[in-house]
Amino acid sequence: MLISRRSPTPRVSKILPLRQARGYNALPLVHEAREGGEKDAPLTQQDKYKEIMSSFPRRDDWVVQPLYQYQGFWYFQVYLVGLLAAQENFRPQPYDIVLCTYPKSGTTWLKALAYAIVTRSRFSDFENPLLTKAPHDCVPFLEIDAARNVCNRDQEIPLVATHIPYNSLPTSISESGCKLVYLCRDPKDVLMSMWHFLRGKLPEGIDKDAYINLNHSFEIFCEGISGNGPYWDHVLGYWKASVKSPEEVLFLVYEDLKKDTVFNVKKLAEFMGYPFTPEEERRGVVQHIVDLCSFDSLRNLKANKSGVYSPDSPFTVQNTEFFRKGITGDWKNYFNEEMGAHLDQIIEEKLSGSGFSFLSR
Ligand SMILES: Nc1ncnc2c1ncn2[C@@H]1O[C@H](COP(=O)(O)OS(=O)(=O)O)[C@@H](OP(=O)(O)O)[C@H]1O
């Protein structure tokens, strides 16, 4: 692919005035700030991906970082660099299991459960690394590792996580026959979780509504504009794949996992190829894993009360930030029934005919 340092940056122009009109001010972008003054340095692989991205459609109205569109989805720069790098370089093992989520859909929980399941015969109950390491440090994140060109894999642990939509997954994944587990969540709670998370990234003392205001976030989420969005297309991609190839793609729902964690954990273990034996069930191994990975248990571990994750993400993320409330229906505390019904209607229309619905949960 030809890479020009002067390639133009087409934008979705109607959006910029909207952002300005709403009083959205430009915060310094972490990556742009870091990379200033390096214009004459040789292009790194990361720079090359950024050059490629500069020709992609871009929107500046979803919070403090621009979003770039690629293969029908919108991404923050660092995740798109990671996606492009993963598409080019990721080489999974056939026994790998890829944990796929839309951000804020329960990734941390899924990572913990899958990790506890696959490592249960390797560690005693008191030695599991989940007790001393954050779930995000136990299961590598494909885009972040790919963007940094590192491979943080423990070869004995066949897990890797990603937020990449199904149709954009590296082709090496389908070629290797890896299994995929997808976890999705009620979009209203996803939006609220993301909204809280991103607002938490704003500096103390500033008017947070000037940057990330709820009505605006709601509007553009409904339009399909959000990191790794449109949300419904993310869900649909994995749902259709799970219907077509149920032995390759397991489709789980956060609300179902909440309602009957034991049942869904057994299903997950079975699918991953680590089924619980009757003897393990008698010994209470399933319940032990469910308890270990529960929101309260993980949140109260020292490893999750301290430490920083993802040094290369657009923001520094404290491990505590992955544990906010961990409940279903929290959206009701922030937007009204009418807004909820509006988002439900959009999602149901988008999912109609697919055989999947969030409303039946
Ligand atoms: N163990 C467990 N059980 C249930 N729920 C949990 C758990 N761990 C994290 N959470 C809640 O998941 C939300 C964060 O989503 P992700 O883990 O997908 O975030 S991320 O994409 O990895 O940043 C976020 O949801 P909200 O509380 O609604 O914001 C977390 O609180």
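No experiment lies behind these values; they were computed from the predicted model shown.

Draft legend 1. Structural detail: the overall build of the protein. Each helix and strand counted, the protein has 19 helices and nine strands in total. Across the 361 residues of the protein, 55% fall into the buried class. Residue pairs in contact within the protein that sit at least 24 positions apart in sequence constitute 73% of those at least 6 positions apart. Accessible area for the protein stands at about 16,600 Å²; split by element, carbon and sulfur atoms hold 51% of it.

Draft legend 2. Broad picture of the layout of surface pockets. Of the voids in this model, the largest pocket is the one considered here, and its volume is about 830 Å³. If you trace the largest pocket, you find 43 residues lining it, with Lys104, Thr107, Thr108, Ser193 and Phe322 closest to the centre. Going through the elements one at a time, helix H5 (107-118), helix H9 (187-200), helix H13 (254-259) and helix H17 (295-299) are the ones with two or more residues in the lining of the largest pocket. Taken together, the residues of the lining of the largest pocket sort by class into 20 nonpolar, 15 polar and eight charged.

Draft legend 3. Expanded view of the packing of aromatic side chains. For the structure on display, the rule yields 18 aromatic pairs. Ring geometry for Phe56 and Tyr70: centres 5.2 Å apart, planes at 15°, overall stacked. Here Phe56, found in the loop between helix H3 (45-53) and strand E1 (58-59), pairs with Tyr70, found in strand E2 (residues 67-70); they are 14 residues apart in sequence, far enough to count as distant. When the ring of Tyr309 is compared with that of Phe322, the centres are 5.6 Å apart and the planes differ by 70°; the resulting orientation is edge-to-face. Pair noted here: Tyr309 is in strand E8 (residues 308-309) and Phe322 is in the loop between strand E9 (317-318) and helix H19 (337-351), with a separation of 13 residues, a long-range link. Judged by relative accessible area, Tyr309 falls into the buried class, the value being 10%. We classify Phe322 as buried; its relative accessible area is 18%.

Draft legend 4. Main features of the environment of Asn228. Among the secondary structure elements, Asn228 is positioned in the loop between helix H11 (214-222) and helix H12 (231-244). Accessibility expressed as a relative area gives 3% for Asn228, which makes it buried. Sequence separation between Asn228 and Gln69 is 159 residues; the distance between their C-alpha atoms is 9.1 Å. Look past the residues within four positions of Asn228 in its chain and what remains in contact with it is Phe73, Trp74, Tyr75, Tyr102, Pro103, His163, Ile164 and His234.

Draft legend 5. Summary view of the nonpolar core. Leu159, Val181 and Met272 are the most contacted members of the largest nonpolar core, which totals 116 residues. At nine residues, the largest contribution of residues to this core is made by H5.

Draft legend 6. Focus on the packing of H9 against H11. Contact pair H9 / H11: the axes reach a minimum separation of 11 Å and the direction vectors enclose 130°. One finds that H9 runs oblique with respect to H11. As H9 runs across H11, the sense of the crossing is right-handed. Counting all contacts with H9, which are made through Pro187, Leu191, Met192 and Trp195, the residues of H11 involved are Leu214, Ser217, Phe218 and Phe221. By residue class, the composition of the contact of H9 with H11 is seven nonpolar, one polar and no charged.

Draft legend 7. Highlighting H11. Most of H11 sits inside the fold, with seven of its nine residues counted as buried. Those residues of H11 not exposed but buried are Leu214, His216, Ser217, Phe218, Ile220, Phe221 and Cys222. With a side-chain oxygen lying 3.1 Å from the backbone nitrogen of Asn215, the N-terminal cap of H11 falls on Asn213. A positive backbone phi angle near 100° is found at Gly224, which sits one or two residues after H11.

Draft legend 8. Focus on the site of the ligand. Around the ligand lies a shell of 21 residues, among which Thr107, Thr108, Ser193, Arg324 and Lys325 are the nearest. His163 is positioned with one of its side-chain polar atoms (N or O) 3.5 Å from an oxygen atom of the ligand. Contacts to the ligand include Lys325, whose backbone N or O atom sits 2.6 Å from an oxygen atom. Relative to its free-state accessible area of 640 Å², the ligand is covered by the protein chains to the extent of 97%. Under a 2 Å grid-point criterion requiring more than half of the atoms, the pocket assigned to the ligand is the largest pocket. Looking at the shell around the ligand, the elements with two or more residues in it are H5 and H17. Top contributing element to the shell around the ligand by residue count: H5, with three residues. Of the residues contributing to the shell around the ligand, the split by class is eight nonpolar, nine polar and four charged.

Criteria and thresholds
- Residues numbered from 1 in each chain as written.
- Predicted model: local features only at pLDDT ≥ 70, side-chain atom pairs only at ≥ 80, totals over all residues.
- Heavy atoms only, no water.
- Helix = DSSP H or I, 4+ residues; strand = E, 2+ residues; numbered from the N terminus.
- Buried < 20%, exposed > 50% of the residue type's maximum accessible area, 1.4 Å probe, protein only.
- Contact = heavy atoms within 4.5 Å.
- Areas by Shrake-Rupley, 256 points an atom, 1.4 Å probe, with all protein chains shown as cover.
- 1 Å grid on protein atoms, 1.4 Å probe; cavity = no way out; pocket = protein on both sides within 12 Å on 5 of 7 lines; lining within 4 Å.
- Points joined across faces, edges and corners; volume = space filled by probe spheres on them.
- Nonpolar A, V, L, I, M, F, W, Y, C, P; charged D, E, K, R; others polar.
- Phe/Tyr/Trp six-rings, centres within 6.5 Å; stacked < 30°, edge-to-face > 60°.
- Core = buried A, V, L, I, M, F, W, Y, C linked by side-chain atoms within 4.5 Å.
- Axes fitted to C-alpha atoms, helices over the stretch in contact; angles between N-to-C directions.
- Parallel < 35°, antiparallel > 145°, perpendicular 65-115°, else oblique.
- Left-handed = near helix turned anticlockwise from the far one by under 90°.
- Polar contact = N/O pair within 3.5 Å; in protein donor to acceptor, adjacent residues only side chain to side chain.
- Near = heavy atom within 4 Å.
- Sits in = over half its atoms within 2 Å of the grid points.

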